[in-house]
Amino acid sequence: MATAPLAGPMLGFPAFRPLYKKFPISGPLSSSFISLPRTLTSLPPFRRSLLHCQRHRCRHLTVRADSDNGAEPTRHYDFDLFTIGAGSGGVRASRFAANFGARVAVCELPFSTISSETTGGFGGTCVLRGCVPKKLLVYASKYSHEFDESLGFGWKYEAEPQHDWSTLMANKNAELQRLTGIYKNILTNANVTLIEGRGKIVDPHTVEVDGKLYSARHILVSVGGRPFIPPIPGSEYAIDSDAALDLPSKPEKIAIIGGGYIALEFAGIFNGLKSEVHVFIRQKKVLRGFDEEIRDFVAEQMSLRGIEFHTEETPQAILKSADGSLSLKTNKGTVEGLSHVMFATGRRPNTKNLGLEKVGLKLTNGGAVEVDEYSRTSVPSIWAVGDVTDRLNLTPVALMEGGALAKTLFQNQPTKPDYRAVPSAVFSQPPIGSVGLTEEQATKEYGNIDVFTANFRPLKATLSGLPDRVFLKLIACAKTNKVLGLHMCGEDSPEIVQGFAVAIKAGLTKVDFDATVGIHPTSAEELVTMRTPTRKIRMGPPSEGTADHEAKAAAGV
Amino acid sequence: MSRKMLIDGELSDTNGEEANYDFDLFVIGAGSGGVRAARFSANFGAKVGICELPFHPISSEVVGGVGGTCVIRGCVPKKILVYAASFGGEIEDARNYGWEVPENADFNWRKLLQKKTAEIIRLNGVYKRLLSNAGVKLYEGEGQVVGPHEVQVTQLDGTKLSYTAKYILIATGSRAHRLTIPGQELAITSDEALSLEELPKRVVVLGGGYIAVEFASIWRGMGATVDLFFRKELPLRGFDDEMRAVVARNLEGRGINMHPRTNLKELIKTEDGIKVLTDHGEEFLTDVVLFATGRAPNTKRLNLEAVGVELDKVGAVKVDEYSCTNLPSIWAIGDVTNRMNLTPVALMEGTCFAKTVFGGSPSKPDYDNVPSAVFSIPPLSVVGLSEEQAIQQANGDILVFTSTFKPMKNTVSGRQEKTIMKLLVDAETDKVIGASMCGPDAPEIMQGIAVALKCGATKAQFDSTVGIHPSAAEEFVTMRTETGRVSVSSRKTNL
């Protein structure tokens, strides 16, 4: 904001000067000016970037005038972009937009490890209540397995290593504080105006934060999602993943309800830290939507590490007894003596109390913001990225959406996020990495596929004596030889799958995989040494039909 | 090997004529390459015999074992020791994650050794079974080439067996090479290092190659004092210079004493251990001196020169692109040919040999974009060109993308060690021509990257791949801005 008066004349946009004089709202401008001395100190680079962007800017201004669907091209706005929510998607879109020369503000709720209507924090779910703290707890909890492994390699401990929960929480929270600071710095260094408070949409070009109004040419809704706890009797005694990442003490005995990735990750964490863990899933198997064999394999490996799965068991009520312990009543019975009950039963988009209904913005049945392929909502000046749109709820996807949006809006490069072959990981213990189609999806879409699998005991386990195994699966199209999917469960899977995701995204064939020399001795080398298909699935129509099918599948994948 | 010999009809013709051979193929040496070639040839219908020396963890002229260097004295036991040694660092790292580990966590070398040997014996058995299941006849003893179609196997009891074969394959590998300095007999090689009776408290490692840095990491991780001596400024000659510097820094950070540009002059036995004299006039007292000063091909006792098989200066068997020696009936693969001494390359050469000679499809091993790893702690892994190679080989500008970061695990553990990743891109074609990484899990991460490089993936294709979060590997697909550009004219990095 502070730079607006400088930027206007410097750029010499005729539209800017007169409008600068009739700023509709002056209060918030001066206040954000004062609260952000940093924008002044960083003037030189900003000036440079403005000059650099001048050419682009002229271009996209014209484009915008054409494409703004009724927005007044001559009206002046406080900001080119106002972002509500500074999580992965919002920060990415804001930074990139600012780098492209746009004037950007972003608002976010005050920092707290547990999110609510009034708390959040720069960095968002991923940094404060998701990927990062989760992975730190995974690291912490993995050590117990590593101690067990080390015994097989000649290590011995006088006493069994004990875990101190409070040390972990303190060190984890110090790291989160550091990261939320980094995110703030990233934004201010990109000359994005930070506003702390709850943003609400007042009209298609106005956002209110704590009573102050800001006008913006474009508004980005990137408020993410929050855990959802189903309303059963006693659900007030339960915790969600936010709380589970920041408990005052370690659970002695915990029931985790849910069979998705969050449930499995927490089951691994608490099991590794020596809690008694029970997982309750409605279905027969964990991880709906994943490859069937992976689903079976991961559940078996987790059971071997001591986690008890209660399948087809639905919670009905949580009871608190006099000694403070909890009981979980299900359709099959009651588990008593629980210190904690955790719901990992999905997440819901944060679309309440945002003023979305006021501007007539369309939501899906699940409460997510409905967007087109460019992340545009039903209101042309309002856009949305990340979990709030409930497309593919992954941090790197939100980053992709945010980056694509900044290009679309401020670089004159309409860009659609590309959802093909997006890899993902489950940081269960052992973890899962996967990219592309599952066997079930591939069979349905292609009919004729070759499936290569390997299920082996890794070198480390032969010495440790632990029952750890690795499962790998490659799915190739029988006709084109293209690798359609890769799924892996076992140590280092997420790290291993990333490089293969590049290969799959590039459309490489099984022959290309085979032509690559292995790195020995690794687990990953198995993926380039799968010579014989485990099974060939032939369900597709005969040749002329296959061609049709192929074309359709190629377009749809 | 001329192509026309491989035409189906003619091959069977020749078979018909020369059906009096005992074997279609006789392989000398049952290591990675030999076993692969033998099995695959047998699968193509060839009658195959193979000979190997009796099993022993420490190799010599008269002992070896089915499985070869990789399984018995290389990759496998080495990696087992690396696993064991890594726990030392893990225990340190665990503390800031809230684990109270007794200060004097104890490491029992003998127990590890016993289990390692048991595992190797198991694998030795697995390899034997692989051969017998494929219908390959295994002979225990020392093989020699007697003529272009004849081998002799000297068995343990001294009896000699003679066999004729249409083709002979030399796959005898290599052995650690010793430096000739006074007192050299006091030093050990990697063979013995993998089977020491006692865990040394003080170790001197001589060499700057991957074996040297791996053993330095192993012993350091197990608690020994380690001094590493090497001739150059940095270890790992041939690797990317930036990576070499990072490896050196990490080794030092883990407590290894680095002695660059230093040679050993003499070893003297004393009551308190081995006294080591350097060419800088320094003296060190140590329990063990490891020579990791290269390996030499095992060709001495094969009688190759007598039958006219050409060797190169270092004694490696000279072969053409299909692995055929100057005699059309004698072929050679693996370390004995000293091309690219890696297990998976020997496997590739073995497969290509079988396809060429018995599968009816002439196949040349392809040495482009072969990935490799150094299992130092933390490890290094590379595929494609180093920056220095790229500068030498490229015709146009090269873009250099590097990312140096603190791995997430270290943010809490407090370990001051950074991971570095690098991509080299041909500015004109956008093709990624080199990738390297030093940091935890690098070898596992690099395998998939190698598939992409092998098939000519572009930087744009890397960029279009979505990351896996949070992982270290995702950095490879999120390197947006180049850190340097090497232009054709200047040939210098504008860093």
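The numbers attached to residues start from 1 for each chain and follow its sequence in the written order. Numbering of ligands from 1 and lettering of chains from A proceed in the order in which they are written. Whole-chain, interface and lining totals are the exception, using all residues; otherwise, since this is a predicted model, local features are given only for residues with pLDDT of at least 70 and side-chain atom pairs are given and counted only at 80 or more. Excluded from the side-chain calculations are hydrogens and water; all other atoms, namely the structure's heavy atoms, are used.

Going by what an unreviewed UniProt entry lists, chain B is known as Glutathione reductase and is assigned to Rhizophora mucronata. UniProt positions are given in the numbering used here, feature names are shortened, and annotations may be inferred rather than shown by experiment. Looking at the Catalytic activity (unreviewed entry) heading of the UniProt record, one finds this comment for chain B: "2 glutathione + NADP(+) = glutathione disulfide + NADPH + H(+)". One UniProt comment on chain B, placed under Sequence similarities (unreviewed entry), says "Belongs to the class-I pyridine nucleotide-disulfide oxidoreductase family."

By the naming in an unreviewed UniProt entry, chain A is glutathione-disulfide reductase, taken from Rhizophora mucronata. Checking UniProt for chain A, the heading Catalytic activity (unreviewed entry) contains the comment "2 glutathione + NADP(+) = glutathione disulfide + NADPH + H(+)". Database annotation for chain A, UniProt heading Subunit (unreviewed entry): "Homodimer."

Draft legend 1. Up close: the UniProt feature "binding site: NAD(+)" (unreviewed entry) in chain A. Residues and elements named next belong to chain A. Sites flagged by UniProt as "binding site: NAD(+)" (unreviewed entry) map to Gly 258, Gly 259, Gly 260, Tyr 261, Ile 262, Ala 263, Leu 264 and Glu 265. Helix and strand definitions here come from DSSP, where helices need a minimum of 4 consecutive H or I residues and strands a minimum of 2 consecutive E residues; each element is numbered from the N-terminal end. Mapped onto the elements of the fold, Gly 260 is located in the loop between strand 10 (253-257) and helix 11 (261-272). With respect to the secondary-structure elements, Glu 265 resides in helix 11. Only protein chains enter the calculation, and the probe is 1.4 Å; a residue is then buried if its accessible area is under 20% of its type maximum, exposed if over 50%, and partly exposed in between. The buried category is assigned to Glu 265, whose relative accessible area is 2%. Contact definition: two residues touch when any of their heavy atoms are within 4.5 Å. When near neighbours in sequence (up to four residues on either side) are disregarded, Glu 265 contacts Lys 134, Ala 425, Val 426, Phe 427 and Ser 428.

Draft legend 2. Up close: the sheet that holds strand 13 (residues 264-270) of chain B. Residues and elements named next belong to chain B. Paired strands, as defined in this entry, are two strands with at least two bridges between them according to DSSP. Taken together, 3 strands build an open sheet; the order of strands is 13-14-15 and the sheet is antiparallel. The open sheet is flanked by strand 13 and strand 15 (283-286), the only strands paired with a single partner. Taking the axes of each pair of neighbouring strands and ignoring which way they run, one obtains an average angle of 25 degrees across the sheet. Across 6 bridges, the pairing between strand 13 and strand 14 (residues 273-278) is antiparallel. The partner of Leu 264 across the bridge, within strand 14, is Thr 278. To get an axis, a line is fitted to the C-alpha atoms, and for a helix only the part in contact is used. The angle between two axes follows their N-to-C directions and goes from 0 to 180 degrees.

Draft legend 3. Expanded view of the domain arrangement of chain A. Residues and elements named next belong to chain A. Along its sequence, chain A is carved into domain 1 (79-227 + 348-411), domain 2 (230-344) and domain 3 (423-537). Residue ranges assigned to each domain were obtained from an automatic or database domain assignment. On a C-alpha basis, the centroid separation for the pair domain 1 and domain 2 is 26 Å. Here the buried area means the combined drop in accessible surface, using a 1.4 Å probe, for two parts upon being joined, counting both sides. The largest share of the area that domain 1 buries against domain 2 comes from Lys 134, Trp 165 and Pro 227, three residues that together contribute 34% of it. Should a side-chain nitrogen of Lys or Arg be within 4 Å of a carboxyl oxygen of Asp or Glu, the pair is scored as a salt bridge. Taken together, domain 1 and domain 2 are joined by 4 salt bridges. In protein, a polar contact requires one atom able to donate a hydrogen and another able to accept it; more generally it is a pair of N or O atoms within 3.5 Å, and residues adjacent in sequence count only if both atoms are side-chain atoms. On inspection of domain 1 and its partner domain 2, the count reaches 10 residue pairs in polar contact (both at pLDDT 80 or more). Contributions of two or more residues to the side of domain 1 that touches domain 2 are made by helix 8 (131-152) and helix 9 (165-189).

Draft legend 4. Representation of the UniProt feature "binding site: NAD(+)" (unreviewed entry) in chain B. All names here are of chain B. In the UniProt entry, the feature "binding site: NAD(+)" (unreviewed entry) is given for Gly 207, Gly 208, Gly 209, Tyr 210, Ile 211, Ala 212, Val 213, Glu 214 and Gly 294. Spanning 88 residues, the named residues form one tight spatial group whose C-alpha atoms are at most 13.6 Å apart. Mapping Gly 207 onto the fold places it in the loop between strand 10 (202-206) and helix 7 (210-221). Its relative accessible area of 9% is what places Gly 207 among the buried residues. Setting aside anything within four residues of it in sequence, one finds Gly 207 in contact with Ala 212, Leu 228, Phe 229, Phe 230 and Ala 292.

Draft legend 5. Broad picture of the sheet that holds strand 16 (residues 340-343) of chain A. All names here are of chain A. As summarised here, the arrangement of the 4 strands in space is 12-11-10-16, forming an open sheet in which the pairing is parallel. Edge positions in the open sheet fall to strand 12 (308-311) and strand 16, since each of these has one partner strand only. Strand after strand, the sheet turns through a mean of 20 degrees between neighbouring axes, direction not considered. By the bridge criterion, 5 bridges tie strand 10 to strand 11 (residues 276-281) in an arrangement that is parallel. By the bridge assignment for strand 11, Ile 254 is matched with Val 277.

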